[in-house]
Amino acid sequence: MATPTLMQNYGERTLTLVRGEGNYVWDNQGRRYLDAISGIAVCGLGHCHPKVTLALHEQARTLLHVSNLYNIPAQEQLADKLVHLSGMDNVFFSNSGAEANEAAIKLARRHGNARNLKTPQIIVMEGAFHGRTLATLTATGNEKIQEGFGPLPEGFLRVPFDDVPAIEKLAAERNDIVAILVEPVQGEGGVRIPSGNYLNQLRGLCDQNSWLLMLDEVQTGNGRSGKMFAYQHTSILPDVVTTAKGLGNGVPIGACLAHGTAAQLFTAGTHGSTFGGNPLACSAALAVVETLESEWLIERAEILGERLLQHLRQQLSDCNQVKEVRGLGLMVGIELLQPCAKLVDMARQRGVLINITSGNVVRLLPPLTLTDSECHQLANDVSSLIHQFALQAV
Ligand SMILES: *Cc1c(COP(=O)(O)O)cnc(C)c1O
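Residues numbered from 1 in each chain as written. Predicted model: local features only at pLDDT ≥ 70, side-chain atom pairs only at ≥ 80, totals over all residues. Heavy atoms only, no water.

For clarity, the cut-off: UniProt positions are given in the numbering used here, feature names are shortened, and annotations may be inferred rather than shown by experiment.
An unreviewed UniProt entry annotates the chain as Acetylornithine aminotransferase of Microbulbifer okhotskensis. You can read under Catalytic activity (unreviewed entry) in the UniProt record for the chain the words "N(2)-acetyl-L-ornithine + 2-oxoglutarate = N-acetyl-L-glutamate 5-semialdehyde + L-glutamate".

### Some remarks on the overall build of the chain
Here is the rule: For the purposes of this entry, the term helix denotes a DSSP run of H or I that reaches at least four residues, the term strand denotes a run of E that reaches at least two, and both are numbered from the N terminus. As defined in this context, the radius of gyration uses C-alpha atoms, and a globule is described by 2.2 Å times the residue total to the power 0.38. Computed by Shrake-Rupley with a 1.4 Å probe, the accessible areas treat only the displayed protein chains as cover when residues are assessed. Charge convention: Lys and Arg are scored as positive, Asp and Glu as negative, and His as well as the terminal groups of each chain are ignored. The location of each charge is read from NZ of Lys, CZ of Arg, CG of Asp or CD of Glu.
Across its full length, the chain holds twelve helices and 15 strands. Taking 21 Å as the expected radius of gyration for a compact globule of 394 residues, we find that the chain reaches 21 Å, a close match to that expectation. Its C-alpha atoms give the chain principal-axis dimensions of roughly 60 × 55 × 45 Å. When the accessible surface of the chain is split by element, carbon and sulfur atoms take 52% of a total near 17800 Å². Across the chain, the mean location of the 31 positive side-chain charges is 3 Å away from that of the 38 negative side-chain charges.

### Some thoughts on unusual backbone geometry
Quick note on the threshold: For every residue, the accessible area (1.4 Å probe, protein chains only) is compared with the maximum for its type, and the residue is labelled buried under 20%, exposed over 50%, or partly exposed between those bounds.
In this model, Gly150 is joined to Pro151 through a cis peptide bond whose omega is 0°. Relative to the elements of secondary structure, Pro151 occurs in the loop between α6 (143-146) and β6 (156-159). The backbone phi angle of Ser210 is positive, close to 55°, even though this residue is not glycine. Along the chain, the position of Ser210 falls in the loop between α8 (198-209) and β8 (212-216). You can call Ser210 partly exposed: its relative accessible area is 43%. The residue Asn222 is not glycine, and still its phi comes out positive at about 65°. The topology assignment puts Asn222 in the loop between β8 and β9 (240-243).

### Some points on the site of the ligand
Convention followed: Here a residue is near a molecule or strand as soon as one of its heavy atoms is found within 4 Å of it. Here a polar contact is recorded for every N or O atom pair within 3.5 Å, except that within protein the pair must consist of a potential hydrogen donor and a potential acceptor, and residues adjacent in sequence are included only if both atoms are side-chain atoms. Three classes are used: nonpolar for Ala, Val, Leu, Ile, Met, Phe, Trp, Tyr, Cys and Pro, charged for Asp, Glu, Lys and Arg, and polar for all others, with Gly counted as polar.
Surrounding the ligand, one finds Ser96, Gly97, Ala98, Asn101, Phe129, His130, Gly131, Glu183, Asp216, Val218, Gln219 and Lys245. One of the backbone nitrogen or oxygen atoms of Gly97 is found 2.8 Å away from an oxygen atom of the ligand. In the environment of the ligand, an oxygen atom lies 2.6 Å from a nitrogen or oxygen atom belonging to the side chain of Lys245. When isolated, the ligand has an accessible area of 380 Å², and the protein chains bury 81% of it. Element by element, the count of residues in the shell around the ligand is highest for helix α4 (residues 97-114), at three residues. Of the residues belonging to the shell around the ligand, the class tally is three nonpolar, six polar and three charged.

### As for the packing of helix α2 (residues 50-62) against helix α9 (residues 279-294)
Basically, it comes down to this: As a rule, the C-alpha atoms of each element are fitted with a line to give its axis, helices using only the stretch in contact, and angles between N-to-C directions run from 0 to 180 degrees. For classification purposes, an angle smaller than 35 degrees is called roughly parallel, one larger than 145 roughly antiparallel, one from 65 to 115 roughly perpendicular, and anything else oblique. Crossings are classed by handedness, with left-handed meaning an anticlockwise turn of the near helix from the far one by less than a right angle and right-handed meaning a clockwise turn. Contacts are assigned to residue pairs that have any heavy atoms within 4.5 Å of one another.
The interhelical angle for the contact between α2 and α9, taken along N-to-C directions, is 155°, at an axis separation of 9 Å. What the angle tells us is that α2 and α9 run roughly antiparallel. Crossing angle aside, the handedness with which α2 passes α9 is right-handed. Residues Lys51, Val52, Ala55, Leu56, Gln59 and Ala60 of α2 lie in contact with α9, whose contacting residues are Pro279, Leu280, Ser283, Ala284, Ala287, Val288, Thr291 and Ser294. Its residues assigned to classes, the contact of α2 with α9 comprises nine nonpolar, four polar and one charged.

### Quick notes on the domain arrangement of the chain
Stated formally: Delimitation of the domains relies on an automatic or database domain assignment. Here the quantity called buried area is the accessible surface, traced with a 1.4 Å probe, that two parts lose on coming together, added over both. Counted as salt bridges are all cases of a side-chain nitrogen of Lys or Arg within 4 Å of a carboxyl oxygen of Asp or Glu.
Its domain assignment divides the chain into domain 1 (8-49 + 296-393) and domain 2 (51-294). At the interface, 32 residues of domain 1 touch 30 residues of domain 2. When residues of domain 1 are sorted by the area they lose upon contact with domain 2, His49, Ile298 and Met331 head the list and together hold 27% of the total. Across the contact surface, domain 1 and domain 2 share three salt bridges. Seen at the junction of domain 1 and domain 2, the total is 22 residue pairs in polar contact (both at pLDDT 80 or more). Counting only elements with at least two residues in the side of domain 1 that touches domain 2, the list comes to α1 (38-41), α10 (297-316), β11 (322-328), β12 (331-336) and β15 (361-364). Residue composition of the side of domain 1 that touches domain 2, grouped by class: 19 nonpolar, nine polar and four charged.

### Quick word on the packing of aromatic side chains
Keep this limit in mind: Working definition: a ring pair exists when centres of Phe, Tyr or Trp rings (six-membered ring for Trp) sit within 6.5 Å. Plane angles under 30 degrees give stacked, over 60 give edge-to-face, the rest tilted. Two limits define a charge over a ring: the Lys NZ or Arg CZ must be within 6 Å of the ring centre, and within 35 degrees of the ring normal.
Throughout the structure, instances matching the rule amount to two aromatic pairs. Both rings, one in Phe161 and one in Tyr198, keep their centres 5.5 Å apart while their planes meet at 80°; by these two values the pair is edge-to-face. Of this pair, Phe161 sits in the loop between β6 and α7 (164-173) while Tyr198 sits in helix α8, and the two are 37 residues apart along the sequence. With a centroid separation of 5.8 Å and 5° between ring planes, the pair formed by Phe229 and Tyr231 is classed as stacked. Taken as a pair, Phe229 and Tyr231 share a single burial class, namely buried. Sitting above the plane of the Tyr24 ring, Arg32 keeps its charged end 3.8 Å from the centroid.

This is the structure we're talking about:
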């Protein structure tokens, strides 16, 4: 039983992890697990990657924090690096994904303000997840997450995911829209991958209407999708992109990147954060991004993701409980025909950590450092568990 001195918002937790190394974690009984969830897409380099540990160690003995009253060299280096890798113009650093999205929402509001709109609207999607702050939970397309937290902020219009005509209809009806906020792949929403030209079409609509295209890459970013950012699977550039999870490999950091006019909307005093982009977090993130490059982990994620999908599809092709196996890079979802929370425990007993999202989707987010044999083993283990689950289910 967890201590009653913690608020009970996370529900009951039955596993205590005390150590991690590479693609494995150990519990307080000394049992080892292959981590196929990576702290929810955070530890892309695996646990305690030596380069991140070294960067943290060196920064911890040099300077932890000074606030944004001062120049921070590691922050500037990280910004240069991210701008170079993304094709965007500049960055605001936050401490989490939700806060990166808050910055994006504030940029959209400023964009509306510049057009003299009193109640600027942001188009958001059904099934979306953008965080748990008041604005981001309002942007989130899941009523359970919003329940009991009213009054919710205004300024969001919801349409189905991957439905361009629904947005065209809104565009024809209203003149107060300022932005589209969308995940290139819905993560919490069940690893939902839109049709191939969706982002291109959204880019076109935003160009026609002077809206900002704002991509939430909190989960898909930092190599997870097989590109540094998932929009790089297309030829478009967004106006705003947010990221967080994998950026610090476990050190809390988020980023809101902007391009073109969106990059000019925040002027002195319009936004800020005490911790955002502090020396410790930026040194860690710099080590993460450098390691993604020097160890070719983004390319690796693309190859491994293909392989994982292929294995799973092969081994699950005859399983009557499986509706679809889908994925992009090392973000894989196996949609079953019924709720399958039980699979988490079954996998744990076999020494594998997985996650269930949207009730019936097995989500795999393994580290980008997964070896060939671990990838193979993971596909085997997960398929055999799903077969076992299917037998019990009928
Ligand atoms: C996790 C997530 C967030 C929220 O990030 P936090 O760091 O938990 O605030 C926002 N958007 C997406 C797509 C996410 O996956």
